[in-house]
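Understanding the architecture of this molecule
Take a look at the letters that make up each chain.
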Amino acid sequence: MNELGRLEDLPVAYREALTQRCLVPLWPNLRAVLPPQVPARKTRPTFWAYSSIRPLLLQAGELTPIEKAERRVLVLANPGHGLENMQASAAMYLGMQLLLPGEWAPAHRHTPNAVRLIVEGESAYTTVGGEKCVMQRGDLILTPTGQWHEHGHDGDQPVVWLDVLDLPLVYYMEASYHIDGQRQTVKPDRGDAVYARGGMVPTVNFERAGKPYPMLRYPWVEARAALLALAGNQPDLPSVQIAYTNPETGGDAQNILGFYAQMLRPGQSLRLPARSPAMVFHLIEGGADVQIGDQRFALGEADTCCAPGYTAVTLSNRSADQPAFVFIADESPLHRKLGVYENRG
Ligand code: GTQ
């Protein structure tokens, strides 16, 4: 490969003439934006222990009333992107949100898509597009782009959940904004109720067409049961994983980020191929080691880590007699839609 001319090789007067006219020579920067073989990635393998987040989040509960926070969140920021940019990867944002008993996080809507993965506590709920979604540990709840959402809490213990948003991408697109709203009126119908049994849907008073997000809540009890059934039915299945999908189309649950639940059999070690999208791993149940390139993280329950794209990841169940359950978020719907998706094996 040719050595390319450097900026310093150009006469100062010429460089100044370019700058004054808002012009930039490509060749000194060409390799930076089009590096050989593998993209440059700011996303670093990064680990966040829940045991280190939890006390600081509870402290935020004392320091900052919900009225002063609107959303009381500690952001899991990847140092490779600069902490102030609040990114886990190029397209993914992660936050741990705390809601205390009796608190109310008022209605708003915004262009970025969000999901919640419930980490701890009972009796909180989020109302999304008029659907009241109860929050139980391990549940996945969608808050798709543009839908009104607000969070409430009728219980007596703190509730914590993991927020996953495509905020960094939507912000980069200069398309990120929010609108404040009024408390929503709750509708009687709920997607998680009408789609609770595969292959069976109501026929009366039920609109199937024209709803881009027919199901908002994916209960963990159902996901866990599906994984155990899959593992039991197919003892030789190499990867016991389910994707969270749109029950009408069978496609990804949301447009930009993908969401999955992975079961690791007792003692199982599973290599995930090097694919272009970055990934996030959050441990729901059990314990697992996550090997990302030359870094290895030991995830216990509620711990989270992220991996850059184009990097193979190995997940290893640390228990020889219990399964482990991992929630995975990735950027694959985005990569596939844009035609840049790669699996390098
Ligand atoms: O709960 O609506 O972590 O608007 C970041 C932005 C959570 C939310 C976040 C948000 C929310």
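Our subject is the structure that appears above.
These lines cover the structure that appears in this document, whether it is placed above or below. (Residues numbered from 1 in each chain as written. Predicted model: local features only at pLDDT ≥ 70, side-chain atom pairs only at ≥ 80, totals over all residues. Heavy atoms only, no water.)

**So, the overall build of the protein chain**
Regarding its fold elements, the protein chain presents 8 helices and 21 strands. In terms of principal-axis extent, the alpha carbons of the protein chain reach across some 70 × 50 × 45 Å. Evaluated residue by residue, the protein chain yields a buried proportion of 47% over its 345 residues. For the protein chain, long-range pairs separated by at least 24 residues make up 73% of all intrachain contacts whose partners lie at least 6 apart in sequence. Working note: accessible area of the protein chain is about 17,200 Å², and carbon and sulfur atoms make up 53% of it. Of the charged side chains in the protein chain, 31 are positive and 36 negative; the average position of the first set lies 4 Å away from that of the second. (Helix = DSSP H or I, 4+ residues; strand = E, 2+ residues; numbered from the N terminus. Buried < 20%, exposed > 50% of the residue type's maximum accessible area, 1.4 Å probe, protein only. Contact = heavy atoms within 4.5 Å. Areas by Shrake-Rupley, 256 points an atom, 1.4 Å probe, with all protein chains shown as cover. Lys, Arg positive; Asp, Glu negative; His and termini not counted. Charge placed at Lys NZ, Arg CZ, Asp CG, Glu CD.)

**Re the layout of surface pockets**
Rolled over the atoms, a probe as big as a water molecule pinpoints where empty space is left. Quantified by volume, the largest pocket comes out at close to 1,400 Å³. Lining of the largest pocket is provided by 45 residues; of these, Gln 87, Ala 90, Leu 167, Pro 168 and Leu 169 occupy positions nearest its centre. Elements represented by at least two residues in the lining of the largest pocket include exactly strand S2 (73–75), strand S3 (93–99), strand S4 (104–110), strand S9 (149–153), strand S10 (159–165), helix H5 (167–172) and helix H8 (332–338). With 5 residues, the top contributor of residues to the lining of the largest pocket is H5. Size it by volume and the second largest pocket reaches roughly 520 Å³. (1 Å grid on protein atoms, 1.4 Å probe; cavity = no way out; pocket = protein on both sides within 12 Å on 5 of 7 lines; lining within 4 Å. Points joined across faces, edges and corners; volume = space filled by probe spheres on them.)

**So, the sheet that holds S9**
Pairing in this open sheet of 5 strands is antiparallel, and the strands run S7-S6-S9-S4-S11 from one edge to the other. The open sheet is flanked by strand S7 (131–135) and strand S11 (178–180), the only strands paired with a single partner. Each neighbouring strand pair of the sheet contributes to a mean axis angle of 25 degrees, computed without reference to strand direction. Judged from the 3 bridges that link them, S4 and S9 form a sheet pairing that is antiparallel. Pairing of His 108 across the sheet is with His 149, part of S9. (Pairing = 2+ DSSP bridges. Axes fitted to C-alpha atoms, helices over the stretch in contact; angles between N-to-C directions.)

**Some words on helix H3 (residues 50–63)**
Across its 14 residues, H3 extends 19 Å between first and last C-alpha, which sits within 8% of the 20 Å expected from 1.5 Å per residue. For H3, every residue scored as buried is listed here: Tyr 50, Ile 53, Leu 57, Ala 60 and Gly 61. Looking down the long axis of H3, one finds its buried residues gathered within 100 degrees of arc, a one-sided arrangement. Those residues of H3 that are exposed and aimed more than 90 degrees away from the buried face are Ser 51, Glu 62 and Leu 63. Of the surrounding secondary structure, the elements contacted by the buried residues of H3 are strand S1 (46–48), S2, S3, strand S5 (114–120) and S10. (Expected span 1.5 Å × (residues − 1). Arc of directions from axis to C-beta.)

**Brief notes about the pairing of strand S19 (residues 304–307)**
Residue alternation in S19 divides its side chains into two sets, Thr 304 and Cys 306 and Cys 305 and Ala 307, and both sets are buried. One ladder, built from 3 bridges, connects S1 with S19; its direction is antiparallel. Bridge pairing in S19 links Phe 47 to Cys 305. Pairing analysis gives 4 bridges linking strand S16 (residues 279–285) to S19, with the strands arranged antiparallel. When the bridges of S19 are listed, Phe 281 appears paired with Cys 305.

**Description of the state of the cysteines**
Under the criterion given, the structure shown has 0 disulfides. A disulfide-free cysteine, Cys 306 has its sulfur positioned 7.0 Å from the sulfur of Cys 305, the nearest such atom. (Disulfide = S-S within 2.5 Å.)

**Looking at the site of the ligand**
Every residue near the ligand is listed here: Arg 71, Val 73, Tyr 93, Gln 97, His 108, His 110, Arg 116, His 149, His 151 and Asp 163. One nitrogen or oxygen atom from the side chain of Tyr 93 is found 2.7 Å from an oxygen atom belonging to the ligand. A distance of 2.9 Å is found between an oxygen atom of the ligand and a side-chain nitrogen or oxygen belonging to His 108. Among the secondary structure elements, those contributing two or more residues to the shell around the ligand are S3, S4 and S9. Each residue belonging to the shell around the ligand can be placed in one class, and the counts come to 2 nonpolar, 5 polar and 3 charged. (Near = heavy atom within 4 Å. Polar contact = N/O pair within 3.5 Å; in protein donor to acceptor, adjacent residues only side chain to side chain. Nonpolar A, V, L, I, M, F, W, Y, C, P; charged D, E, K, R; others polar.)

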